[in-house]
Every structure is written in C-alpha cells, then in structure tokens.
Amino acid sequence: MEASFFDNVFEVAKLIPKGRVTSYGAIAAYIGMKRSARMVGYAMNASHSDKSIPAHRVVNRNGLLTGKHHFNGPDEMEKRLKAEGIKVKNDKIINFDKHFWDPATELKL
DNA sequence: GACATGACGATTT
DNA sequence: GAAATCGCCATGT
C-alpha cells in the first residue's frame, strides 16, 4: 500500500518527542501539503485506530487544543499535556513557542 | 456515484 | 487590519 496522506500524518505524529507539541499545518507542510492542515486534524480522528499516536501533542497553529473534544473526554488532552510538563490554560498551550516541535526543522528530512 | 463535511492554515479581497 | 474565500484529502451519508 502506498503511504497516503493520513499514513504520513500518523508517522510524523508518532515521532513527536514527549513534552513537545506541533501544529497540524507543520505536519502537513512536512509531508508537502501545507494546505491540507484540515486533513491532518481529520487524520487524527482516524488515529483512534492507533493508540500509539499522541494526538494530544498536535494542536492548531495558535497552540489551542481545538481537538480536545475528540479524546476520551474534553479534559483528557489537556491533562495529558500537563502530565508531560506542558502547561495549558484556557485550552491553550502556554509557551507554545517553546514547546513547538517542527518536523521540518527537527527531523530536517 | 455525488454531495457535504471535517482537530486548519494561508492567501486574497 | 479584518473578514471572506480557497485549498487540500479522505470518509460518511
């Protein structure tokens, strides 16, 4: 099977180091489709098939936990991030810039 | 098989 | 500068 867009998203998501977060657009851009940020989020929905995917480390460009509702509970995502040392307030990651993990920069292909 | 929608982001008006 | 629109792939109805 050819690696689809979703598959790439899953693999990159799995590569996110603990205590780091990234954005949908960053993953999409790393794959080569920065315009497909929406699909990245949708892919995360499909990630339910793979529990190894730390979808909680993927947030929107503003560091906002837009997809927290898709977890076991609306507080699950926030709780997990806090457990990794990431502070979340008002559904937003504090110091998002410091926790931001860009695959294009960190992995650098 | 066609239409609508979905965890977003950038570009254009 | 803010609001509106386009772009993208896959899934569900």
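Right, let's walk through the structure included here. All values derive from a computational prediction rather than experimental measurement.

## Things to note about the overall build of chain A
The helix and strand tally for chain A stands at 6 helices and 4 strands. The N-to-C order of helical and strand elements in chain A reads α-β-α-α-β-α-β-β-α-α. A compact globule built from 109 residues would reach a C-alpha radius of gyration of about 13 Å, and chain A, at 13 Å, matches this within 12%. In terms of overall dimensions, chain A has a C-alpha envelope of 40 × 30 × 20 Å along the principal axes. Burial analysis of chain A (109 residues in total) assigns 40% to the buried set. The long-range share in chain A, meaning contacts at least 24 apart out of those at least 6 apart in sequence, stands at 65%. As displayed, chain A has an accessible area near 6800 Å², and 48% of this comes from carbon and sulfur atoms.

## Details of the packing of aromatic side chains
Under the definition given, this model contains 4 aromatic pairs. The side chain of Arg61 reaches across the aromatic face of Phe100, ending 5.6 Å from its centre.

## Quick notes on the side chain of Glu84
Turning to its location among the elements, Glu84 is positioned in the loop between α4 (76-83) and β3 (88-89). In terms of polar contacts, Glu84 uses its side chain to reach the side chain of His56, at 3.3 Å. Among residues more than four places away in sequence, those in contact with Glu84 are Lys18, Gly19, His56 and Arg57.

## Details of the protein's contact with DNA strand B
If you check the shell around DNA strand B, you find 20 residues, and the closest are Gly41, Met44, Arg61, Gly67 and His70. For DNA strand B, the fraction of atoms within 4 Å of the protein that belong to sugar or phosphate moieties is 52%. Note that a base nitrogen of DNA strand B is positioned 3.5 Å from one of the side-chain N or O atoms of Arg38. A distance of 3.2 Å is found between a phosphate oxygen of DNA strand B and a side-chain nitrogen or oxygen belonging to His70. Broken down by element, the surface near DNA strand B gets its largest block of residues, 7 residues, from helix α3 (residues 37-46). The residue makeup of the surface near DNA strand B, split by class, is 7 nonpolar, 9 polar and 4 charged.

Here is what the cut-offs are and how they apply
- Residues numbered from 1 in each chain as written.
- Chains lettered and ligands numbered in written order.
- Predicted model: local features only at pLDDT ≥ 70, side-chain atom pairs only at ≥ 80, totals over all residues.
- Heavy atoms only, no water.
- Helix = DSSP H or I, 4+ residues; strand = E, 2+ residues; numbered from the N terminus.
- Rg over C-alpha atoms; globule rule 2.2 N^0.38 Å.
- Buried < 20%, exposed > 50% of the residue type's maximum accessible area, 1.4 Å probe, protein only.
- Contact = heavy atoms within 4.5 Å.
- Areas by Shrake-Rupley, 256 points an atom, 1.4 Å probe, with all protein chains shown as cover.
- Phe/Tyr/Trp six-rings, centres within 6.5 Å; stacked < 30°, edge-to-face > 60°.
- Lys NZ or Arg CZ within 6 Å of the ring centre and 35° of its normal.
- Polar contact = N/O pair within 3.5 Å; in protein donor to acceptor, adjacent residues only side chain to side chain.
- Near = heavy atom within 4 Å.
- Nonpolar A, V, L, I, M, F, W, Y, C, P; charged D, E, K, R; others polar.

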